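Coordinates in review
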Amino acid sequence: MKAILVLVGLASLLVLVGGVGFVAAMILHADGVRIGFGYALYASLLTTGAALAAALCVGMYHLYLYFFTDRKPLGLFATVRRDAAP
């Protein structure tokens, strides 16, 4: 779960830095710098996709636990029987 939060934080930072830098480079007509910030925006797309894929895998694992086993997830790797007291 912390890995997903780190990926989301990294993607947010890349969007902020890349977006502000890209717009500033467009205003200043600095094409070389603009390309570098454009790559930062592409990297933010990749990290966002990785975070979404990881969250989807965790969600599918939790659905598997709920529907096909008698366990319920407490976290990514911690489970407890469904009838156990919380």
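Before going further, it helps to examine the overall build of the protein chain. Summing up its helical and strand segments, the protein chain has 2 helices and 2 strands in all. Across the protein chain, helices and strands are ordered from the amino to the carboxyl terminus as α-α-β-β. For the protein chain, the residues scored as buried account for 16% of the 86 residues in total. Within the protein chain, contacts between residues at least 6 apart in sequence are counted, and of these 34% link residues at least 24 apart. Carbon together with sulfur atoms contributes 77% to the accessible area of the protein chain, which is approximately 6300 Å² in total.

For the rest of this paragraph, the subject is helix 1 (residues 2–28). Its 27 residues give helix 1 an end-to-end C-alpha distance of 38 Å, which sits within 8% of 39 Å, the value for a rise of 1.5 Å per residue. Residues of helix 1 that are buried: Ile4, Ala11, Gly18, Gly21 and Ala25. Contacts from the buried residues of helix 1 go to helix 2 (31–68). Just beyond helix 1, the residue with positive phi is histidine 29, at close to 55°.

With 38 residues, helix 2 should reach 56 Å at 1.5 Å per residue; the first-to-last C-alpha distance of 55 Å fits that figure. Those residues of helix 2 lying buried are Gly38, Ala40, Ser44, Thr47, Ala51, Val58, His62 and Leu65.

What follows deals with the pattern of salt bridges. Across all of its chains, the model carries 1 salt bridge by this definition. Linking arginine 34 and aspartate 31 is a salt bridge whose minimum nitrogen-to-oxygen distance equals 3.7 Å. Taken as a pair, arginine 34 and aspartate 31 lie in helix 2 at a separation of 3 residues, close to a single helical turn. According to the relative accessible area criterion, arginine 34 is partly exposed, its value standing at 24%. Given a relative accessible area of 48%, aspartate 31 falls into the partly exposed group.

Quick look at the packing of helix 1 against helix 2 now. Contact geometry for helix 1 and helix 2: axes closest at 8 Å, N-to-C directions at 160°. Overall, the two elements helix 1 and helix 2 adopt an arrangement that is roughly antiparallel. Regarding helix 1 and helix 2, the two cross each other, and that crossing is left-handed. Residue classes in the contact of helix 1 with helix 2 are distributed as 21 nonpolar, 7 polar and 1 charged.

Taken together, the side chains of Leu56, Met60, Tyr61, Leu63, Tyr64, Tyr66, Phe67 and Phe68 make up a nonpolar region of the molecular surface, amounting to roughly 910 Å² of accessible area. Examined against the element boundaries, phenylalanine 68 turns out to sit in helix 2.

Procedures and definitions
- Residues numbered from 1 in each chain as written.
- Predicted model: local features only at pLDDT ≥ 70, side-chain atom pairs only at ≥ 80, totals over all residues.
- Heavy atoms only, no water.
- Helix = DSSP H or I, 4+ residues; strand = E, 2+ residues; numbered from the N terminus.
- Buried < 20%, exposed > 50% of the residue type's maximum accessible area, 1.4 Å probe, protein only.
- Contact = heavy atoms within 4.5 Å.
- Areas by Shrake-Rupley, 256 points an atom, 1.4 Å probe, with all protein chains shown as cover.
- Expected span 1.5 Å × (residues − 1).
- Salt bridge = Lys/Arg side-chain N within 4 Å of Asp/Glu carboxyl O.
- Axes fitted to C-alpha atoms, helices over the stretch in contact; angles between N-to-C directions.
- Parallel < 35°, antiparallel > 145°, perpendicular 65-115°, else oblique.
- Left-handed = near helix turned anticlockwise from the far one by under 90°.
- Nonpolar A, V, L, I, M, F, W, Y, C, P; charged D, E, K, R; others polar.
- Patch = residues over 30% accessible without salt bridge, like charges linked within 9 Å, V, L, I, M, F, W, Y side chains within 5 Å.

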